[in-house]
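Examination of the molecular architecture
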Amino acid sequence: ENARMKKELQQANARNSQWRETELTNIRLRRLLDFKISLESPSVAAEVIGMDPSPWYRAVIINKGSNDGVRKGLPVGIPEGIAGQVIDVSAAYAKVMLITDRNSAVDALVQRTRARGIIKGESTSSCVFQYALRKDEVNIGDKIVASGLDGVFPKGMPIGEVSGGIRRAAVIFQEVSVTPYVDFEKIEEMLVFLTPVLDQLANPQ
């Protein structure tokens, strides 16, 4: 009898764990759907199914490809902010370079002061805001958003928050650390924007 009850308890715990996982997935997908509806351009939802194993790159594999309208160069994001850019595509899959990759670059600005610079990947969880002039006011806690001037990412889309900065007397630019709003270690779903900024400008509705 004890063995039977123990088995039933284990089965119940397993079911509860599955139900909880389903509930959490539904919450994430509802937020992603709300984000998709708020966008002015078409997009496709994708699931993260793999990570680039190389220690030199920060990229993920998604389960959507050219069959779904995904193509190289398209921007990718989630409700929290910009995630990255599509860099390789096959029929059913695509590789997304995350903004924390050292090869990534996003034209950006400080939302409060409009100081402009480039967001570059720095590590697994942070970025650096480069080429902001030393005279520009950039404070810890300032919000960094996409400028839209790179022709890829929509203007005003969140990127991250200033977490540190250095002004050196002998240089033109200041060094600014940025913590992305996206938690890349926990990302499971994302949206691929099927129309980049340049296409929208070239084909206004």
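The structure we're discussing is the one just above.
Residues numbered from 1 in each chain as written. Predicted model: local features only at pLDDT ≥ 70, side-chain atom pairs only at ≥ 80, totals over all residues. Heavy atoms only, no water.

Moving on, we get to the packing of aromatic side chains. This structure, assessed with the given rule, holds one aromatic pair. Summarising the aromatic geometry, the rings of Y131 and F173 are spaced 5.5 Å apart at their centres and angled 85° between planes, so their arrangement reads as edge-to-face. On the criterion of sequence distance, the pair formed by Y131 in strand β8 (residues 127-133) and F173 in strand β11 (residues 173-180) is long-range, its members being 42 residues apart. Judged by relative accessible area, Y131 falls into the partly exposed class, the value being 48%. (Phe/Tyr/Trp six-rings, centres within 6.5 Å; stacked < 30°, edge-to-face > 60°. Helix = DSSP H or I, 4+ residues; strand = E, 2+ residues; numbered from the N terminus. Buried < 20%, exposed > 50% of the residue type's maximum accessible area, 1.4 Å probe, protein only.)

Let's shift gears to the sheet that holds strand β9 (residues 143-146). Each strand in a sheet pairs with another by means of backbone hydrogen bonds, the pair being arranged parallel or else antiparallel. With antiparallel pairing, six strands are arranged side by side around a closed barrel as β6-β7-β8-β11-β10-β9. When the angles between neighbouring strand axes are averaged without regard to direction, this sheet yields 40°. Across five bridges, strand β6 (residues 105-110) lies against strand β7 (residues 116-121) in antiparallel orientation. When the bridges of β7 are listed, A108 appears paired with G117. (Pairing = 2+ DSSP bridges. Axes fitted to C-alpha atoms, helices over the stretch in contact; angles between N-to-C directions.)

Before going further, it helps to examine the sheet that holds strand β5 (residues 94-98). One closed barrel holds the six strands; their spatial order is β1-β2-β5-β4-β3-β12, and the pairing between them is antiparallel. Strand-to-strand twist across the sheet, computed as the mean angle between neighbouring axes with direction ignored, equals 45°. Bridging between strand β3 (residues 75-78) and strand β12 (residues 189-193) involves two bridges; their strand directions are antiparallel. Within β12, the residue paired with G77 across the bridge is L191.

Once that is clear, we can look at unusual backbone geometry. The residue R114 is not glycine, and still its phi comes out positive at about 70°. Position of R114 relative to the elements: it lies in the loop between β6 and β7. According to the relative accessible area criterion, R114 is partly exposed, its value standing at 46%. The backbone phi angle of Y131 is positive, close to 65°, even though this residue is not glycine.

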